[in-house]
Amino acid sequence: MAIDKIQSESINLADNFAFTGTVTGAGGVNTPAFLAQLSANTTIANDSYVKVACNTEVFDTDGNYDNSSNYRFTPTTAGKYYVFGSVTFNSPTNFLQYVNTHIYKNGSMVSSTGVSTYNNNYIDSAGQVSSIILDMNGSSDYVELYAVGGGTSTVGLVGTWTLFGAYKIIE
């Protein structure tokens, strides 16, 4: 069935159409993109800001995530990116008072989420997700994931429940 002209009042959406030409201006790809996770449970010092070393790549479409030394995403394509970090905290002694997850761009905090307890109440675990849409220049801009937690003891980051990722938004 060749299509010369489609009129909205006569199209039957149940019909099948074989297109032989090229469709332009539709679709797109959400790459570069990556997702990495922390490979094992990690202990951090109480009240210390640490870069989260998500060292296991689930995927990395363009090789833009460094999972071995800087733990940062430096996309090589300019555009807007959805960036997210999900950190799960626990305390071996069940004495967490606050936890925060932060996304940094080029060394400065751009997104932060957290939870804290009051009146010396404690929690044994908590998960925090921080996300943001950022313009990235495709050459030198980079993003990193940081975390901090505090209470009366060391703080644990739960391995495979701690994730860091980003993808380019189709514009």
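Residues numbered from 1 in each chain as written. Predicted model: local features only at pLDDT ≥ 70, side-chain atom pairs only at ≥ 80, totals over all residues. Heavy atoms only, no water.

Participant: I would appreciate a short explanation of unusual backbone geometry in the present structure.
Facilitator: Note: most residues except glycine have negative phi, and most peptide bonds are trans. For the bond from Thr31 to Pro32, the omega torsion is 5 degrees, close enough to zero to count as cis. Mapped onto the secondary structure, Pro32 falls in the segment before β1 (33–37). Even without being a glycine, Asp47 presents a positive backbone phi close to 65 degrees. Considering the arrangement of structural elements, one finds Asp47 in the loop between β2 (42–44) and β3 (50–51). Unusually for a residue other than glycine, Asn106 sits at a positive phi of about 50 degrees. Here Asn106 is to be found in the loop between β7 (96–105) and β8 (108–116). (Helix = DSSP H or I, 4+ residues; strand = E, 2+ residues; numbered from the N terminus.)

Participant: Just to check I follow, could you spell out the environment of Ala126 for this structure?
Facilitator: In this fold, Ala126 is placed in strand β9 (residues 125–136). Separated by 30 residues in the primary sequence, Ala126 and Leu96 have C-alpha atoms spaced 8.7 Å apart. With sequence-adjacent residues up to four places away left out, Ala126 is seen in contact with Val87, Thr88, Phe89, Val99 and Val115. (Contact = heavy atoms within 4.5 Å.)

Participant: Got a minute to help me understand the packing of aromatic side chains in this structure?
Facilitator: Two aromatic rings, taken as a pair, are described by how far apart their centres are and by the angle between their planes. Per the stated rule, a full pass over the model turns up eight aromatic pairs. Relative to Tyr146, the ring of Tyr104 lies with its centre 4.4 Å away and its plane at 40 degrees, an arrangement referred to as tilted. Remark: Tyr146 occurs in strand β10 (residues 143–151) and Tyr104 occurs in strand β7; sequence separation between them is 42 residues. Summarising the burial analysis for this pair, Tyr104 and Tyr146 share the class buried. Every member of this aromatic cluster is reached through a ring pair, and the members are Phe34, Tyr65, Phe73, Tyr81 and Phe164. (Phe/Tyr/Trp six-rings, centres within 6.5 Å; stacked < 30°, edge-to-face > 60°. Buried < 20%, exposed > 50% of the residue type's maximum accessible area, 1.4 Å probe, protein only.)

Functional significance is not addressed by these values, which are geometric in nature.
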